[in-house]
Amino acid sequence: HSELTTSQWNNQQRQSLLLVGVTCDNQSHVISLDLTNCCFDTPSLPSLHLLTRLSSLELDNCGFYGPIPPSLGLLTQLSYLSLRSNDFSGALSPSL
């Protein structure tokens, strides 16, 4: 699988990430994602597992529903996860 980075983005695109709650390391890997209060028209975000360096994920009050995506268990660097005020069901992956 491929890893998502922002290394090919221009400076304006990188700076706009700060406005939407994205933090990158010095190698352009996404390490923190805060989408609190963003509204999505989908049960969950299926491609999060591609953010292999993600250490912090906040998805509070995003309107997500259904089973907690098992792919969250693939985020081996994740040390902080917040899923408050959504309508997820089921249990978290044991690897979290």
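Only a predicted model underlies this, so the values are computations on that prediction, with no experimental measurement involved. (Residues numbered from 1 in each chain as written. Predicted model: local features only at pLDDT ≥ 70, side-chain atom pairs only at ≥ 80, totals over all residues. Heavy atoms only, no water.)

This brings us to the overall build of the protein chain. Secondary structure assignment for the protein chain yields 1 helix and 6 strands. Moving toward the C terminus, one meets the helices and strands of the protein chain in the order α-β-β-β-β-β-β. Within the protein chain, contacts between residues at least 6 apart in sequence are counted, and of these 39% link residues at least 24 apart. With an accessible surface of roughly 6,000 Å², the protein chain has 52% of that area assigned to carbon and sulfur atoms. (Helix = DSSP H or I, 4+ residues; strand = E, 2+ residues; numbered from the N terminus. Contact = heavy atoms within 4.5 Å. Areas by Shrake-Rupley, 256 points an atom, 1.4 Å probe, with all protein chains shown as cover.)

In this structure, Asn 61 takes a positive phi of about 55° despite not being glycine. As for its placement among the helices and strands, Asn 61 is situated in the loop between β3 (56-58) and β4 (65-67). For Asn 61, a relative accessible area of 39% puts it in the partly exposed group. In this structure, Ser 85 takes a positive phi of about 60° despite not being glycine. Tracing the backbone through its elements, the reader meets Ser 85 in the loop between β5 (80-82) and β6 (87-89). (Buried < 20%, exposed > 50% of the residue type's maximum accessible area, 1.4 Å probe, protein only.)

With 3 bridges connecting them, strand β1 (residues 22-24) and strand β2 (residues 30-34) associate as antiparallel partners. Note that in β2 the partner of Thr 23 across the bridge is Ser 32. In this antiparallel pair of consecutive strands, β1 and β2, the connection spans 5 residues, and Ser 28 shows a positive phi of 70°. In this structure, β2 lies alongside β3, joined through 3 bridges in parallel fashion. Within the sheet, the bridge partner assigned to Leu 33 lies in β3 and is Leu 57. (Pairing = 2+ DSSP bridges.)

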